[in-house]
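Single-letter residue listing:
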Amino acid sequence: MRGLVVAIAVFTLALGTTAAGTSSAGALTTSSPNSLPPCTTAVASAPTLGHVQTHFVSGPVSPFGVAITSDSAHAFVADSAGALFVYSLTSTTLKAETKGSFPGQSFLGLALTPNGRFLVAAQGTGATVFDVARIERHTSPSSWTRGALQSGGQGAIEAAVSPDGRVVFVTLENSDELAVFNLKKALAHGFRSSDLIGTIPLGIAPVGVAVSPGGHYLYVTSEATARNQSVGELTTIDLRKAKRSPAHAVVSTVGAGCSPVRVVATRSSVYVTARGSDALLEFSASDLV
């Protein structure tokens, strides 16, 4: 979407510093805290982009998650107060199209399936799955929902979908784990408790989750390694193992600064925002595995 900036954030980029250490056996382990940026309240400085225009639209009371369709024609925005908003996009504008209200629910992270047919919204113990075609036809919001994926955990905050669209991954912030759901089974046979394949134990308060471009790995951030600590971690997970045996799918864990939250990945690097360090960290994707 050239010319359209929905939000801008500036972070300090930690270049040339790796947070990964290697044990004598070759397994990746959590690095020494001395190699990580400290917790800080510093503010990064950067030039203002005078040619960029920021457009605002009214609607969400407390917006959280956003997902963009593959053709960049529509944006879905999750309102943690219990609503889902849909906007049409052009190169220069945002236009509100429709809104669905869902009292008693709180939608957070959003993810679209690769084929664009379903929208997954993290909430409660797992995620709510919406039918995109029904939303785009402006049908009644009561018909948008296909079903809910549920676990025994709490605090669902971010969601990701496997490249084949068969599995959904949801971070459970209050349960310190990642839930793995069989979306294909749920859509084919109805949403049931058996859709939960299993969970992956993580650090304290896991938040961000991202799938590697090649589809082989998942990257998950946890805000701390232990209670009453600020230093968090980045966990790398074998995606194919997670589909079959989630509890045995962890590949490595490395320190990731103070309160790491969001994570995105390219083929060569994994980027993590360390909120408590006011820093953006770059990790070598190959070193993590």
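Below you will find a few notes about this structure.

The rules we used
Residues numbered from 1 in each chain as written. Predicted model: local features only at pLDDT ≥ 70, side-chain atom pairs only at ≥ 80, totals over all residues. Heavy atoms only, no water. Pairing = 2+ DSSP bridges. Helix = DSSP H or I, 4+ residues; strand = E, 2+ residues; numbered from the N terminus. Axes fitted to C-alpha atoms, helices over the stretch in contact; angles between N-to-C directions. Disulfide = S-S within 2.5 Å. Buried < 20%, exposed > 50% of the residue type's maximum accessible area, 1.4 Å probe, protein only. Phe/Tyr/Trp six-rings, centres within 6.5 Å; stacked < 30°, edge-to-face > 60°. Salt bridge = Lys/Arg side-chain N within 4 Å of Asp/Glu carboxyl O. Core = buried A, V, L, I, M, F, W, Y, C linked by side-chain atoms within 4.5 Å. Contact = heavy atoms within 4.5 Å.

A look at the sheet that holds strand β8 (residues 110–112)
Now for step 1: On the basis of which strands lie adjacent, the open sheet formed by four strands has the order β8-β9-β10-β11 and antiparallel pairing. This sheet does not close on itself; its edge strands, each paired only once, are β8 and β11 (145–149). Neighbouring strand axes in the sheet, compared pairwise and without regard to direction, differ in orientation by 20° on average.
Now for step 2: Across four bridges, the pairing between strand β10 (residues 126–131) and β11 is antiparallel. Bridged to A127 within β11 is L149.

Considerations on the state of the cysteines
Now for step 1: Per the stated rule, a full pass over the model turns up one disulfide.
Now for step 2: Paired through a disulfide, C39 and C258 show a sulfur-sulfur distance of 1.9 Å. Because the torsion about its S-S bond is -95°, the bridge between C39 and C258 counts as left-handed. Taken as a pair, C39 in the loop between β3 (28–30) and β4 (63–68) and C258 in strand β19 (residues 250–258) lie far apart in primary sequence, 219 residues in all.
Now for step 3: Residue classification places C258 among the buried positions, given a relative accessible area of 2%.

Thoughts on the pairing of strand β16 (residues 204–211)
Now for step 1: In terms of burial, β16 is largely enclosed, as seven of its eight residues are buried.
Now for step 2: Turn length for the β16-strand β17 (residues 217–224) hairpin, with the two strands adjacent in sequence and antiparallel, is five residues, and the turn residue G215 shows positive phi of about 80°.

Some words on the packing of aromatic side chains
Now for step 1: Under the criterion given, the structure shown has five aromatic pairs.
Now for step 2: On the numbers, 5.5 Å between centres and 70° between planes, the contact of F102 with F107 is edge-to-face. With respect to class, F102 is no different from F107; both count as buried.
Now for step 3: Grouped by ring-pair contacts, the aromatic residues F102, F107, F130 and W144 constitute a single cluster.

Considerations on the sheet that holds strand β12 (residues 156–161)
Now for step 1: Ordered in space as β12-β13-β14-β15, the four strands form an open sheet in which the pairing is antiparallel. Each edge of the sheet is formed by a strand with only one pairing partner; in this case those strands are β12 and β15 (196–201). Mean inter-strand twist for the sheet, computed between neighbouring axes without regard to direction, equals 20°.
Now for step 2: In terms of strand pairing, strand β13 (residues 167–172) meets strand β14 (residues 177–182) through six bridges, oriented antiparallel. Bridge pairing links T171 to L178 in β14.

Notes on the pattern of salt bridges
Now for step 1: Throughout the structure, instances matching the rule amount to six salt bridges.
Now for step 2: Taking the shortest distance from any N to any O, the salt bridge between R146 and D131 comes out at 3.5 Å. Of this pair, R146 sits in strand β11 while D131 sits in strand β10; the two residues are 15 residues apart in sequence, bridging distant segments of the chain.
Now for step 3: For R146, a relative accessible area of 29% gives the class partly exposed.
Now for step 4: Taking the relative accessible area as the measure of exposure, D131 reaches 11% and is therefore buried.
Now for step 5: With a closest N to O distance of 2.9 Å, R275 and E223 form a salt bridge. With R275 in the loop between β21 (269–274) and β22 (279–284) and E223 in strand β17, this pair connects stretches of sequence that are 52 residues apart.
Now for step 6: Taking the relative accessible area as the measure of exposure, E223 reaches 15% and is therefore buried.
Now for step 7: Look at the salt bridges and you will find they share partners, linking D131, R134 and R146 into a network.

A word on unusual backbone geometry
Now for step 1: Residues other than glycine seldom take positive phi values, yet S72 does so here, at roughly 60°.
Now for step 2: By the element assignment, S72 lies in the loop between β4 and β5 (74–79).
Now for step 3: Unlike most non-glycine residues, D278 shows phi in positive territory, near 50°.
Now for step 4: On the accessibility criterion, D278 (28% relative accessible area) is partly exposed.

Some words on the nonpolar core
Now for step 1: By size, the foremost hydrophobic cluster in this structure holds 17 residues, and its most contacted members are V120, V129, L149, A159, V168, V170 and F181.
Now for step 2: When residues of this core are traced back to their parent elements, those giving at least two are β9 (118–123), β10, β12, β13, β14 and α2 (183–189).
Now for step 3: The contacts of V129, once residues within four sequence positions are left out, are F118, L119, V120, W144, T145, R146, G147, L149, L183, L187 and F191.
Now for step 4: Counting 15 residues, the second largest nonpolar core, distinct from the first, contains L84, V86, A121 and W144.

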